[in-house]
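Structural overview
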Amino acid sequence: MEEKTAVVQEAMDRPQMPLSWRTETKPHRFCPGCGHGIALKALGEVVDELGILDRVLYGCDIGCSLLSWDFFNFDSIQTHHGRTIPVIVGAKRARPETIGIAYMGDGGGYAIGAQHLVNAALRGEKITAILANNTLYAMTGGQMAPTTLPGQKTGTSPYGREVAKTGAPIQGPELVAAVAPAGSYVARATVGEYQQLKQYLKQALRNQIAGGGFSFVEVLSTCPTNWRTNAKQTWGFLQGEMAKYFKVGEYLVPETTATGEE
Amino acid sequence: MTGNEVVAWAALAAEADFMYGYPITPQNEIMHYWARLAPHFGRGFLQTEDEMSAGFTMLGGALVGKKTFSATAGPGNVLMQEPISMAEMMRIPGVWVIQQRGGPSTATVIYSQQELRLTTMGGNGEGLRVVYSTASHQELFEYTIKAFNTAWKYRFPTFVLGDGYQAKMREAVTLFRPVEQGWKLVPAEPILRPSGIPALDREPVHLRNTFNIEEELHDRLMAQVADYEQMEPEVVEWEVESSPDTEILIVAHGVVARAAKQTQAQLNRAGLKVGYFRPITVRPFPGTALRDVLMANPHLRLLVVESAYGQLLSMVKAELYGLANPIDTLLKPGVGVTAEEIEVTVRRLMAKEEG
């Protein structure tokens with residue numbers, strides 16, 4: 001018990017951060033203005049509040065999300081591009097008491113690993129997948145992603161995304177909600193609405209704890225580095241163009257949690 | 001029973017916990033038998049959306065301390081190389097049973113030995129794997145059990161390299177419980193989520209396969225190469241029949257080695273001085289053992305026989321660098337090789353030698 005008290009004391013003395021954050025790896029490695037830090041703060045707080053630190057297995061993808069490989073005080077594995085969902089599914093199936101969290105970007109979840117997202121949702125895999133949507137591939141230098149908005153300029157759409165040639169941005173939660181069985185939880189949150197983001201992540205993890213179906217939260221996130229935007233423009237793109245195209249809200253809610261348990 | 005059925009029973013005997021698989025001929029019945037057996041023995045099975053998923057779900061299960069395996073072939077083996085390369089880098093144990101089919105591409109569902117190079121050296125790395133090439137159903141049973149022990153003891157990806165003939169053919173086999181034969185099974189330990197609360201009772205376990213600088217990767221890999229080289233003499237296996245007056249040494253692996261052994265026995269009875277060498281582990285390759293045979297007999301000719309166009313041959317040549325023994329070949333990519341064909345080739349070579 002003594003060590004526990006020491007841990008709590010240490011947590012009280014340091015700048016406010018979730019207990020499940022690993023202080024040794026802070027400040028984190030994300031660029032200034034990146035949305036990952038906000039999403040991961042919300043995730044850390046939710047893990048604290050649910051008291052599941054000892055049961056969490058956290059997997060992160062390739063892309064910027066891999067920078068979170070040693071971010072938390074729970075066990076983690078950094079996988080290959082798009083393959084975080086199957087790694088976490090395999091662990092969850094093998095040891096069902098595990099709380100499996102698969103964290104990825106839009107390229108990993110909607111392009112190279114789309115088959116894993118769709119099939120894990122179809123099978124109702126009892127894991128929680130969290131996908132950061134920043135409308136492009138960030139770590140590789142800003143290429144077009146399935147989520148890139150019409151007209152948006154990226155390294156591989158230098159004159160703006162042409163929907164006629166490269167398709168319209170994917171509506172991820174809408175797609176997952178269409179294939180996931182009853183008992184699944186599907187939502188889209190944004191780093192621009194912190195309390196709501198936390199609420200959705202908590203619902204997604206609660207659903208897994210309760211043994212429900214697949215839980216999926218897309219998080220609208222920011223990338224000023226590749227958007228080439230200042231703080232004001234970054235916030236404007238997130239809350240303006242992105243929010244207009246990607247509607248925030250809950251898309252599929254299991255009956256048990258819909259009856260107002262919170 | 002068929003070889004595929006044998007593999008399912010072997011996995012059960014080896015106390016495998018979970019199979020993750022995806023349909024591809026000629027390995028399907030491994031999944032069928034396992035899926036049928038598993039619920040009766042408290043084991044798990046999941047049919048995934050593709051081979052990449054099968055491989056990565058395997059790694060997830062192994063990471064939390066379960067003995068996991070998969071089986072695949074041909075184009076499935078190609079896709080499986082991605083998760084296998086992660087297993088290789090992160091030293092995550094796993095057993096893969098490969099029932100080789102014709103290649104490249106979809107080719108045939110029947111048979112070949114064309115996945116030798118892919119299975120031993122596939123992936124974007126150094127091929128730090130153990131590959132057992134079996135020749136009979138009894139071996140399929142025993143080496144599948146052994147593969148689980150090797151994988152969980154040394155933590156290098158481990159393979160049973162069979163083929164479509166071994167998969168589909170029926171022959172007699174003696175199944176047994178490993179403990180009753182005095183075999184010890186290596187237990188699986190959790191790499192992630194071991195006991196204790198992370199950051200309180202123990203350090204959290206953080207695993208990655210991405211490195212920031214060249215030297216960091218180099219140091220990691222050289223440590224793994226050192227582990228691999230230390231393991232080599234403990235796992236390497238071969239069979240040899242040769243004497244100082246042997247004139248031709250037939251070199252073959254897998255089911256072709258069975259034909260080669262038959263040829264050798266027949267020709268020995270006929271008074272011809274023919275020997276036989278078979279690598280059982282095709283990776284690590286028993287190069288020292290093969291060199292020893294040739295050093296004792298500098299005029300020995302080699303006849304490399306395989307159902308591929310020179311995959312085993314290139315391995316043999318690499319191992320024999322610096323020796324002058326002549327090498328002849330019987331290379332039949334994608335088709336079987338009979339003992340009679342090998343005999344005809346050996347007799348022709350001997351006649352040429354005398355002529």
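Now for a quick tour of the structure. Predicted, not measured: the structure shown is a model, and the values here were computed from it.

Regarding the overall build of chain A
Counting secondary structure elements, chain A contains 11 helices and nine strands. In terms of overall dimensions, chain A is globule-like: its C-alpha atoms have a radius of gyration of 18 Å, near the 18 Å expected for 262 residues. Residue pairs at least 24 apart in sequence account for 68% of intrachain contacts in chain A once pairs closer than 6 positions are excluded.

Overview of the interface of chain A and chain B
Tallying the contact residues gives 32 residues for chain A and 35 residues for chain B. Where the side of chain A that touches chain B is concerned, the elements lending two or more residues are α1 (2-13), β2 (75-78), α3 (84-94) and α5 (114-122) of chain A. The greatest single-element share of the side of chain A that touches chain B, amounting to eight residues, is contributed by α3(A). Strand direction decides the pairing type here: β2(A) and strand β7 (residues 206-207) of chain B, joined by two bridges, are parallel. The residue bridging A:I77 from the neighbouring strand is B:L207, located in β7(B).

Section: the packing of helix α1 (residues 3-13) of chain B against helix α2 (residues 28-37) of chain B
All names here are of chain B. In contact at an axis separation of 8 Å, α1 and α2 are set at 45° when each is read in the N-to-C sense. Considering their axes alone, α1 and α2 lie oblique with respect to each other. Taken as a pair, α1 and α2 cross one another with a handedness that is right-handed. For the pair α1 and α2, contact is made by N4, E5, V7, A8, A11 and L12 and by E29, I30, Y33, W34 and L37, respectively. Per-class residue counts for the contact of α1 with α2 are eight nonpolar, one polar and two charged.

A few points about the nonpolar core
Of all hydrophobic cores here, the largest spans 172 residues; its most connected members are A:V219, B:A11, B:I250 and B:V305. Of the residues forming this core, the biggest block, nine residues, is contributed by helix α6 (residues 137-154) of chain B. Looking at this core, you find at least three residues from each of domain 1 (3-181) and domain 2 (240-354) of chain B. With sequence-adjacent residues up to four places away left out, B:I250 is seen in contact with B:A260, B:T263, B:Q264, B:V274, B:Y276, B:L303, B:V305 and B:I342.

Side note on the sheet that holds strand β8 (residues 238-241) of chain B
All names here are of chain B. Strands sit in the order β8-β10-β9-β12-β13 across an open sheet of five strands; the sheet is mixed. Each edge of the open sheet carries a strand with a single partner, namely β8 and β13 (327-331). The mean inter-strand angle of the sheet, taken between neighbouring strand axes irrespective of direction, is 20°. Where strand β9 (residues 248-251) and strand β10 (residues 274-279) come together, four bridges link them in parallel fashion. For I248, the partnering residue across the bridge sits in β10 and is V274. Where helix α12 (residues 339-354) meets the sheet, its contacts fall on β9, β10, β12 (301-306) and β13, and the angle it forms with β12 comes to roughly 155°.

Here's the deal with the packing of helix α3 (residues 51-63) of chain B against helix α4 (residues 74-90) of chain B
Residues and elements named next belong to chain B. Between α3 and α4, the least distance of the axes is 7 Å, while the angle of their chain directions is 25°. Taken as axis vectors, α3 and α4 run roughly parallel relative to one another. As for how α3 packs across α4, the hand of that crossing is right-handed. When α3 is examined against α4, the residues E51, M52, G55, F56, M58 and L59 are found in contact with a partner set consisting of G76, L79, M80, E82, P83, I84, M86 and A87. Class assignment of the residues belonging to the contact of α3 with α4 gives a composition of 10 nonpolar, two polar and two charged.

Here we look at helix α8 (residues 214-235) of chain B
Across its 22 residues, α8(B) extends 31 Å between first and last C-alpha, which sits within 8% of the 32 Å expected from 1.5 Å per residue. Taking burial as the measure, the 22 residues of α8(B) include two buried ones, a minor fraction of the element.

What counts as what
Within each chain, residue numbers correspond to sequence positions counted from 1 in written order. The lettering of chains begins at A and the numbering of ligands begins at 1, in the order of writing. Totals for whole chains, interfaces and linings use all residues, but because this is a predicted model, local features are given only for residues with pLDDT of at least 70 and pairs of side-chain atoms are given and counted only at 80 or more. Only DSSP runs of H or I covering at least 4 residues are called helices, and only runs of E covering at least 2 are called strands; the numbering of each starts at the N terminus. This radius of gyration counts C-alpha atoms alone. The globule rule is 2.2 Å times how many residues there are, raised to the power 0.38. Here, residues touch in the contact sense if the C-beta positions derived from the backbone fall within 7 Å of one another. The criterion for strand pairing is that DSSP finds at least two bridges linking the strands in question. Interaxial angles span 0 to 180 degrees and are taken between N-to-C directions of axes, which are lines fitted to C-alpha atoms, for helices over the stretch in contact. Each angle is binned into one of four classes, with values under 35 degrees roughly parallel, values over 145 roughly antiparallel, values of 65 to 115 roughly perpendicular, and all other values oblique. Note: crossing handedness is left-handed where the near helix turns anticlockwise from the far helix by less than a right angle, and right-handed where it turns clockwise. Polarity classes work like this: nonpolar for Ala, Val, Leu, Ile, Met, Phe, Trp, Tyr, Cys and Pro, charged for Asp, Glu, Lys and Arg, and polar for all others, with Gly in that last group. A set of buried residues qualifies as a nonpolar core if it consists of Ala, Val, Leu, Ile, Met, Phe, Trp, Tyr and Cys joined through C-beta atoms within 7 Å. The exposure label follows from counting other C-beta atoms within 10 Å of a residue's C-beta, where the C-beta atoms are placed from the backbone and the thresholds are 20 or more for buried and 12 or fewer for exposed, leaving partly exposed in between. These domain limits were set by an automatic method or by a database of domain assignments. A helix is expected to span 1.5 Å multiplied by its residue count minus one.

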